[in-house]
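A closer look at the structure
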Amino acid sequence: MVRGLGELESTIMDYMWATKAPASVRDVLEHLLKDRTLAYTTVMTVMDKLHTKGLLRRRPVRRAYIYEAVSSKEAYTADVMRASLASSGNQAATLVHFLERLTPDEASALEAALQVYPPKGRAS
């Protein structure tokens, strides 16, 4: 099951998704040090956990690893949404509650998405 991310995990993944390029622990730490004080080992541990969770892939370069995001932020978010829906007791009711809470902009985005990718069995 896909689980949500902790605060530091989210911050690191947001950086990895935004840069869209491989990065070392040192690269990520330097970015994070602009806003907070963190130890190298803390960032290394969290990035290792993100690798274990399947969100980052890594390859060894000399005595360190270079990390990159496995998928986009949008794909990860979709996985979290699907896992939440799958774990709900009543998927239809959950979807109704979700739709009731959409903002007009979110409803427009949903309508646009359905034009690009209609549900299975629905003619366009």
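Glancing now at the overall build of the protein. On a plain count of helices and strands, the protein comes out with 6 helices and 3 strands. Along the protein, helices (α) and strands (β) appear in the sequence α-β-α-α-β-β-α-α-α when read from the amino end. Expected size for 124 residues packed as a compact globule is a radius of gyration near 14 Å; at 18 Å, the protein overshoots this value by more than 25%. The dimensions of the protein, computed from C-alpha atoms along their principal axes, are 55 × 25 × 25 Å. Across the 124 residues in the protein, those meeting the buried criterion constitute 22%.

Now for the pairing of strand β2 (residues 56-61). One ladder, built from 6 bridges, connects β2 with strand β3 (residues 64-69); its direction is antiparallel. Following the sheet pairing, Arg57 is matched in β3 by Glu68. Hairpin connection, β2 to β3: the antiparallel pair is bridged by 2 residues, and Arg62 has positive phi, about 55°.

Charged atoms that come close allow side chains of opposite charge to pair. Counted by the stated rule, this structure contains 5 salt bridges. Note that Glu9 is salt-bridged to Lys53, the shortest N-O span being 2.8 Å. Of this pair, Glu9 sits in helix α1 (residues 7-19) while Lys53 sits in the loop between α3 (40-52) and β2, and the two are 44 residues apart along the sequence. You can call Glu9 buried: its relative accessible area is 12%. Given the relative accessible area of 38%, Lys53 is considered partly exposed.

This part takes up unusual backbone geometry. A positive phi angle is found at Lys20, which is not glycine, with a value near 50°. Positive phi, close to 55°, is recorded for Arg62, a residue that is not glycine. The exposure class of Arg62 is exposed, given its relative accessible area of 81%.

Right, let's get into a nonpolar patch on the surface. Judged by side-chain polarity, Met81, Phe98, Leu99 and Leu110 come together as a nonpolar surface patch covering roughly 350 Å² of accessible area. Exposure remark for Leu99: the relative accessible area of 45% places this residue in the partly exposed category.

A polar contact is formed between the side chain of Glu9 and the side chain of Lys53, at a distance of 2.8 Å. Excluding its chain neighbours within four sequence positions, the residues that come into contact with Glu9 are Val46, Lys49, Leu50 and Lys53.

On to the packing of aromatic side chains. Across all of its chains, the model carries 2 aromatic pairs by this definition. Where Tyr65 meets Tyr67, the ring centres are 6.2 Å apart and the plane angle is 65°; that geometry is what we call edge-to-face. Take Tyr65: its relative accessible area is 36%, and that puts it in the partly exposed class. The exposure class of Tyr67 is buried, given its relative accessible area of 2%.

Across a regular strand the side chains alternate sides, sitting on one face of the sheet and then on the other. The pairing of strand β1 (residues 23-24) with β3 spans 2 bridges and is classified as antiparallel. Counterpart to Ser24 in the pairing with β3 is Ile66.

Rules of the game
- Residues numbered from 1 in each chain as written.
- Predicted model: local features only at pLDDT ≥ 70, side-chain atom pairs only at ≥ 80, totals over all residues.
- Heavy atoms only, no water.
- Helix = DSSP H or I, 4+ residues; strand = E, 2+ residues; numbered from the N terminus.
- Rg over C-alpha atoms; globule rule 2.2 N^0.38 Å.
- Buried < 20%, exposed > 50% of the residue type's maximum accessible area, 1.4 Å probe, protein only.
- Pairing = 2+ DSSP bridges.
- Salt bridge = Lys/Arg side-chain N within 4 Å of Asp/Glu carboxyl O.
- Patch = residues over 30% accessible without salt bridge, like charges linked within 9 Å, V, L, I, M, F, W, Y side chains within 5 Å.
- Areas by Shrake-Rupley, 256 points an atom, 1.4 Å probe, with all protein chains shown as cover.
- Polar contact = N/O pair within 3.5 Å; in protein donor to acceptor, adjacent residues only side chain to side chain.
- Contact = heavy atoms within 4.5 Å.
- Phe/Tyr/Trp six-rings, centres within 6.5 Å; stacked < 30°, edge-to-face > 60°.

Function-wise, these values are silent; they only describe arrangement.
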